[in-house]
Amino acid sequence: MKRVYCNSIIKQGSTYELEKKYYIHLVKVIRLKIGDEISLFNNTSGEWKCEIVDIKNNFLKAKAISQISSPRSEALIDLMFSPIKYQNSEAIIRQATEMGVRSLFPTTFKRTINKKINLDKFNAYALGATQQSGRLSIPKIDKLNDLKSRSDILSDKTVLMFDENLEGIHLSQAKIKSNDEILVIIGPEGGFEEEERAFISNASKNFLNVSLGHNILKADTAVIAALSLTFHYFNEN
């Protein structure tokens, strides 16, 4: 059943007109017709089985039949990362979304090479990954900003900085409360400057430098490894 994000409150028996982009995809590409089923979802209403009840030029309507799943709580895990070249940044957005990251903060560091992002494309990647992965919420993606402008974000979170140039602890050694707000930080290709390490450490509510092992990873690989470790830690604890 094709999943479609709906930003309205979904109620049994109510009918919803979907955006033109969904008409194009569902009717023109997938060839769905009146009577076919799709699911509508968001993290306020949960996920609902719906029936297509009307198709006209450039729009379609779907009626909510029954709830498939209830709203669920989000992980309190955010990601700060340095933008990298186009396809690798796309992979970061998609895979962070699939894993369940709540918010993403693209951030420029002194060694950041790619200092521009296309926020509309980033949001489109997140939407697509949300619909594909089964999660109910779309992660929030902040506009690009430099590290010094992120002090307010650092100040109320437990920061896990994965820095291959420092001797970090194994995440299993960390003592983190289950209700702590977590910020995972992955730096740019080429690593952090000493000044940036000091700024992050001093500005954070709680700070931990965490090891990803002995090998030096590409930035996009490091993001996936760091998030995998972090989500595993909280699933186990």
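Quick caveat: nothing in here was measured; it's all calculated off a predicted structure.

The rules we used
Residues numbered from 1 in each chain as written. Predicted model: local features only at pLDDT ≥ 70, side-chain atom pairs only at ≥ 80, totals over all residues. Heavy atoms only, no water. Core = buried A, V, L, I, M, F, W, Y, C linked by side-chain atoms within 4.5 Å. Buried < 20%, exposed > 50% of the residue type's maximum accessible area, 1.4 Å probe, protein only. Helix = DSSP H or I, 4+ residues; strand = E, 2+ residues; numbered from the N terminus. Contact = heavy atoms within 4.5 Å. Salt bridge = Lys/Arg side-chain N within 4 Å of Asp/Glu carboxyl O. pLDDT = per-residue confidence, 0-100.

### As for the nonpolar core
So, point 1. If you look at the biggest cluster of nonpolar residues, it comprises 30 residues, and the most contacted ones within it are Leu79, Ile93, Leu104, Val184 and Leu227.
So, point 2. Those elements giving two or more residues to this core turn out to be strand E6 (77-81), helix H2 (86-99), helix H3 (119-133), strand E10 (158-162), strand E11 (182-186) and helix H6 (219-236).
So, point 3. Considering every element that reaches this core, the biggest residue donor is H6, with eight residues.
So, point 4. Not counting the four nearest positions on each side in its chain, leucine 104 is found in contact with Leu79, Phe81, Ile93, Ala96, Pro139, Lys140, Ile141 and Asp142.
So, point 5. By size, the runner-up hydrophobic cluster in this structure holds 19 residues, among which are Tyr16, Tyr22, Leu40 and Ile52.

### A closer look at the side chain of arginine 102
So, point 1. Relative to the helices and strands, arginine 102 resides in the loop between H2 and strand E7 (103-108).
So, point 2. Judged by its relative accessible area of 15%, arginine 102 is buried.
So, point 3. If we skip the residues at most four places from it in the chain, arginine 102 touches Glu74, Ala75, Leu76, Ile77, Asp78, Arg135, Pro139, Lys140, Lys157 and Glu181.

### Section: the pattern of salt bridges
So, point 1. For the structure on display, the rule yields 15 salt bridges.
So, point 2. Linking lysine 33 and aspartate 36 is a salt bridge whose minimum nitrogen-to-oxygen distance equals 3.7 Å.
So, point 3. By relative accessible area, lysine 33 is classed as exposed at 52%.
So, point 4. With a closest N to O distance of 2.9 Å, arginine 102 and aspartate 78 form a salt bridge. Placement of arginine 102 in the loop between H2 and E7 and of aspartate 78 in strand E6 is noted, with a sequence separation of 24 residues between them.
So, point 5. By relative accessible area, aspartate 78 is classed as buried at 2%.
So, point 6. Linked by salt bridges that have partners in common, Asp78, Arg102, Lys157 and Glu181 make up one network.

### Here's the deal with the confidence of the model for the protein chain
Caution is warranted with low-pLDDT regions, since their predicted coordinates should not be read in detail.
So, point 1. Looking at the protein chain, pLDDT values average 92 and 98% of them are 70 or higher.
So, point 2. Considering each helix and strand of the protein chain separately, the mean pLDDT is smallest for H6, with a value of 88, and largest for strand E8 (residues 140-141), with 98.

### A closer look at the environment of glycine 128
So, point 1. With respect to the helices and strands, glycine 128 occurs in helix H3.
So, point 2. In this structure glycine 128 comes out as partly exposed when scored by relative accessible area, which is 27%.

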